[in-house]
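Listed here are the chains, written in short residue letters.
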Amino acid sequence: MFLTVFTPTYNRADLLTNGYNALKKQTNKNFIWLIIDDGSTDNTREVVAEWMKNETSFEIRYVYKENGGLHTGYNKAIELLDTELAVCIDSDDKMTCDAVEKIYNLWHCFGDDSVAGIVALDIYESGKIVGERLPDQKKINLIDLQVGKYKIKNGDRKIVVRCDLYKMVAPQKTYAGEKNFNPHYMHLQISKTYDFLVMNEPLCIVEYQKDGMTNNIYKQYYNSPNSFAELRKLMISFPQASVKYKLRQYIHLVSSCFISRNFIHIKDVFNSFYLFVAFPLGYLLSLYVRYKAKK
C-alpha cells in the first residue's frame, strides 16, 4: 500500500463514523486506515470491529493501547507504519473524498528522497480555510512557516510524511502524567533537514471539539509543562528565528519551568540576555496560566 491514514482516538466512537464514511468515499483506495485506540472506555472497539468485518474496499487495522495522549498515539502508529507515506486524521475530522488521490498524484509527480512529504490545507465544514493559503511555490520548510517568515496567518494544516523519516525522529519523548505534547514537534524536527511539497488544496475537513487540544491550551500548558518546555527548546534552536520570536519562546520556557518546578530545561538553551529579560515575564505568565487553567 502507498499511504497509511492513522487516527489516534479516545472515547470518540460516535465521531469516528464521520471519518470512516469519508474514507469509504475515497476515489483512490490505495491506503490503510490504522486506528490507535488510546485507552477508550466507550464502545470504540466494538464499532471498529464491525467495520473491519464488513469493509472490503480498504484495509482497517485496530490497535488498543493504554491512555497516554495524542503524541503517544503517534508513537504507536509510527512504530507500525509499513507504507511509503502517512498522514494523521484526527478522530473528529474527515478527509475530502479525493484526498488520497491528490496525495498520490502529487507525490508521484514530484516526490523523491529530497523532500519529506506534503503540506496541504485544512478547511472547516463551511469550506473556509483554517488559517491562510500557503505561499504559491513548489516546496516550503515548516520551520519558516512556524517562525512567520511568510507573514501569513498560522492555522492547522495537513502534514503528509514519509514513513522512513517519521521513524527517524520517533518516538517522541514522554513525561509521566503529561498527555499534551504536540506531535508537530516531530514535523519540525524533520524540517531541520527537509522541505515539504506544497499543496494549496484541502485534504481534511476539521471540527474542533470543546474537549479537544485546540480549545484547552491553558490547561495543556499547566498539565504538561515539561512537554511544552521541550517544544520551546526546539523552537529556540531555529537559526532563522527572529529575536522577538526567540524571546517569546524563552518566556514560555521559563513559565513552563516555574509550573513544573524543573529548571533543568534552561541549561540546554542558556543565554544570559534572553533569560534576563524572560525570567520576570515568564514568572508572570506562569501565574496567568495557573489562573486560566483552574477557571
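It should be emphasised that the depicted structure is a prediction, and the values quoted were computed from it without experimental measurement.

S.K.: Any chance you could break down the overall build of the chain for me, citing the residues and the numbers?
M.R.: The secondary structure content of the chain amounts to 12 helices and 9 strands. In terms of overall size, the chain behaves like a compact globule, its C-alpha atoms giving a radius of gyration of 19 Å where 295 residues would be expected to give roughly 19 Å. Scored against the burial criterion, the 295 residues of the chain give a buried share of 53%. Put simply, of all contacts in the chain between residues at least 6 apart along the chain, 79% involve residues at least 24 apart. By element, 52% of the accessible surface of the chain is carried by carbon and sulfur atoms, the whole surface being about 13900 Å².

S.K.: Explain a nonpolar patch on the surface to me, and be specific about the residues and the numbers.
M.R.: The grouping of Leu281, Tyr283, Leu284 and Leu287 at the surface amounts to a nonpolar patch, some 370 Å² of accessible area in total. Relative to the elements of secondary structure, Leu284 occurs in helix H12 (residues 272-293). For Leu284, a relative accessible area of 52% puts it in the exposed group.

S.K.: Explain the packing of helix H1 (residues 13-24) against helix H2 (residues 44-54) to me, using residue names and the numbers behind them.
M.R.: Running from amino to carboxyl end, H1 crosses H2 at an angle of 25°, the nearest separation of the two axes being 9 Å. Classified by the interaxial angle, the pair formed by H1 and H2 is roughly parallel. Between H1 and H2 the crossing geometry is right-handed. Side by side, H1 and H2 meet where Ala13, Leu16, Thr17 and Tyr20 of the first sit next to Thr44, Val47 and Trp51 of the second. For the contact of H1 with H2, the per-class residue count stands at 5 nonpolar, 2 polar and no charged.

S.K.: Break down H1 for me, with residues and values.
M.R.: The terminal C-alpha atoms of H1, which comprises 12 residues, lie 17 Å apart, in line with the 16 Å expected from a rise of 1.5 Å per residue. By the burial criterion, the buried members of H1 are Ala13, Leu15, Leu16, Gly19, Tyr20, Ala22 and Leu23. Buried positions in H1, seen along its axis, are confined to an arc of 160° and lie on one side of it. The inward-facing, buried residues of H1 abut strand S1 (3-9), strand S2 (31-38), H2, strand S3 (59-65) and strand S5 (94-95).

S.K.: Any details on the packing of aromatic side chains? Residues and values, ideally.
M.R.: Scanning all chains against the criterion turns up 19 aromatic pairs. An angle of 65° between the planes, with centres 5.0 Å apart, marks the rings of Phe181 and Tyr185 as edge-to-face. Neither residue differs from the other here; Phe181 and Tyr185 are each classed as buried. Between Tyr221 and Phe228, the ring centres sit 4.8 Å apart and the planes meet at 85°, which makes this aromatic pair edge-to-face. For the pair shown, Tyr221 and Phe228 are each scored as buried. Among the aromatic residues, ring-to-ring pairing joins Tyr20, Phe31, Trp33, Trp51 and Phe58 into one connected group. Stacked on the ring of Tyr64, the Lys or Arg Arg45 has its end atom at 4.9 Å from the ring centre. One residue, Arg162, lies across the ring of Tyr194, its end atom 5.3 Å from the ring centre.

S.K.: How would you summarise the pattern of salt bridges if you had to cite specific residues and measurements?
M.R.: With the rule as written, the count across this model stands at 17 salt bridges. Between Lys149 and Asp144 there is a salt bridge, and its shortest N-O distance comes to 3.8 Å. Given the relative accessible area of 11%, Asp144 is considered buried.

S.K.: Quick rundown of the environment of Ile236? Include the residues and the values.
M.R.: Within the fold, Ile236 resides in helix H9 (residues 225-236). For the pair Ile236 and Arg248, spaced 12 residues apart in the sequence, the C-alpha separation amounts to 9.2 Å. Among all residues touching Ile236, those that are not within four sequence positions of it are Lys246, Gln249, Tyr250, Leu253 and Val269.

S.K.: Would you mind going over the nonpolar core in detail, with residue names and values included?
M.R.: Counting residues in each nonpolar core, the largest one holds 55 residues, and the members touching the most others are Phe6, Val119, Tyr166, Ile190, Phe196 and Phe238. Listed in part, the 33 residues of the second largest apolar core include Phe31, Trp33, Ala99 and Leu106.

S.K.: I'd like a rundown of H12, residues and numbers included.
M.R.: Every α-helical turn comprises 3.6 residues, leaving residues that sit three or four positions apart pointing alike. With 22 residues, H12 should cover 32 Å at 1.5 Å per step; its first-to-last C-alpha distance of 30 Å lies within 8% of that length. In H12, a bend of some 40° at Ala278 exceeds every other bend along the element, and Pro280, a proline, comes one to four places later. All of the buried residues along H12 are Tyr274, Leu275, Ala278, Gly282, Leu285, Ser286, Val289 and Ala293. Tucked into the core, H12 has its buried residues touching helix H8 (217-223), helix H10 (243-260) and helix H11 (264-268).

S.K.: Describe the side chain of Lys102, naming the residues involved and giving the relevant values.
M.R.: Mapping Lys102 onto the fold places it in helix H4 (residues 99-110). A relative accessible area of 18% places Lys102 in the buried class. Within the structure, the side chain of Lys102 is placed 3.2 Å from the side chain of Glu201, a separation counted as a polar contact. Those residues within four positions of Lys102 in sequence are excluded, and the remaining contacts are Met199, Glu201, Pro202 and Leu203.

Scoring rules and cut-offs
Residues numbered from 1 in each chain as written. Predicted model: local features only at pLDDT ≥ 70, side-chain atom pairs only at ≥ 80, totals over all residues. Heavy atoms only, no water. Helix = DSSP H or I, 4+ residues; strand = E, 2+ residues; numbered from the N terminus. Rg over C-alpha atoms; globule rule 2.2 N^0.38 Å. Buried < 20%, exposed > 50% of the residue type's maximum accessible area, 1.4 Å probe, protein only. Contact = heavy atoms within 4.5 Å. Areas by Shrake-Rupley, 256 points an atom, 1.4 Å probe, with all protein chains shown as cover. Patch = residues over 30% accessible without salt bridge, like charges linked within 9 Å, V, L, I, M, F, W, Y side chains within 5 Å. Salt bridge = Lys/Arg side-chain N within 4 Å of Asp/Glu carboxyl O. Axes fitted to C-alpha atoms, helices over the stretch in contact; angles between N-to-C directions. Parallel < 35°, antiparallel > 145°, perpendicular 65-115°, else oblique. Left-handed = near helix turned anticlockwise from the far one by under 90°. Nonpolar A, V, L, I, M, F, W, Y, C, P; charged D, E, K, R; others polar. Expected span 1.5 Å × (residues − 1). Arc of directions from axis to C-beta. Phe/Tyr/Trp six-rings, centres within 6.5 Å; stacked < 30°, edge-to-face > 60°. Lys NZ or Arg CZ within 6 Å of the ring centre and 35° of its normal. Core = buried A, V, L, I, M, F, W, Y, C linked by side-chain atoms within 4.5 Å. Bend = angle between axes of the 7 residues up to and from the residue. Polar contact = N/O pair within 3.5 Å; in protein donor to acceptor, adjacent residues only side chain to side chain.

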